[in-house]
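Listed here are the chains, written in short residue letters.
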Amino acid sequence: MTTYAALLRGINVGGNKKVPMAELRVLMEGLGYAGVRTHLQSGQAVFTPGDGDETSLAAELTQAIEKRFGFPVDVIVRDHAYLRAVADACPFPAAELEPKQLHVTYFSAPADEERFAAVDRAAHLPEEFRLGDRALYLYAPDGLGRSKLAEQLARPRITKGLIATTRNWNTVLKLIELTG
């Protein structure tokens, strides 16, 4: 059976969109998912569904969360193989960096280079980004909170039509462990 990670976007940040992890686990178990575990308070859960694929599971979770909590939450669902492949394909020397310096933004669909053509990469150095399979790798040496490049990459004109949610490298690795 395949174990998946559900990545919830924008919950429990600054007191907005509160989704207690214990309640999320109960909700997911009520959907028939087995082995439900959550990681941190920022919206990661791992589970084994009875059936479904990434797209249908994300839609089911999105609908159930809105019904239960009364507000919409974007959800991306990915399996262990995908999460492992994204980490393995990291174009930056992850082992040499502090986890707060390296992030992965997971996208709901592929994003091509054209979407990012207006971003002046040289103006943001030493910060850098690279695209992967439905993912964007961001090297932000001073951390995500101070990153001007991250701010630029999150603009609606760039992410239009995509769900995008970012995780630091520690969380990337923990999700691989939890879904393995």
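A quick note: this is a predicted structure, and the numbers were derived from the prediction, not measured.

Read from one edge to the other, the open sheet built from 4 strands follows the order S6-S7-S5-S8, with strand pairing classed as antiparallel. Looking at strand neighbours, the two that pair on one side only are strand S6 (128-132) and strand S8 (164-168), the edges of this open sheet. The average undirected angle you get between the axes of adjacent strands in this sheet is 20°. Bridging between strand S5 (residues 102-107) and strand S7 (residues 135-139) involves 5 bridges; their strand directions are antiparallel. The residue of S7 that forms the bridge with Tyr106 is Ala135. The sheet contacts of helix H6 (residues 169-179) involve S5 and S8, and relative to S8 the element is tilted by about 95°.

With that settled, the discussion passes to the confidence of the model for the protein. Confidence in the prediction for the protein averages 94 pLDDT; 99% of positions are at 70 or higher. At the low end of the mean pLDDT range in the protein sits helix H5 (residues 156-159), at 92; at the high end sits S7, at 98.

Quick look at the pattern of salt bridges now. Following the criterion strictly, the structure yields 8 salt bridges and no others. A salt bridge links Glu54 to Arg134, with the nearest nitrogen and oxygen atoms 3.3 Å apart. Of this pair, Glu54 sits in helix H2 (residues 54-69) while Arg134 sits in the loop between S6 and S7, placing them 80 residues apart in sequence. Arg134 carries the same exposure label as Glu54, and that label is buried. Arg134 serves as the salt-bridge partner of Asp133, at 3.5 Å between the closest nitrogen and oxygen. Asp133 gets classed as partly exposed once you look at its relative accessible area, which sits at 48%. The network of salt bridges with shared partners includes Glu54, Arg78, Asp133 and Arg134.

Calculation criteria
Residues numbered from 1 in each chain as written. Predicted model: local features only at pLDDT ≥ 70, side-chain atom pairs only at ≥ 80, totals over all residues. Heavy atoms only, no water. Pairing = 2+ DSSP bridges. Helix = DSSP H or I, 4+ residues; strand = E, 2+ residues; numbered from the N terminus. Axes fitted to C-alpha atoms, helices over the stretch in contact; angles between N-to-C directions. Contact = heavy atoms within 4.5 Å. pLDDT = per-residue confidence, 0-100. Salt bridge = Lys/Arg side-chain N within 4 Å of Asp/Glu carboxyl O. Buried < 20%, exposed > 50% of the residue type's maximum accessible area, 1.4 Å probe, protein only.

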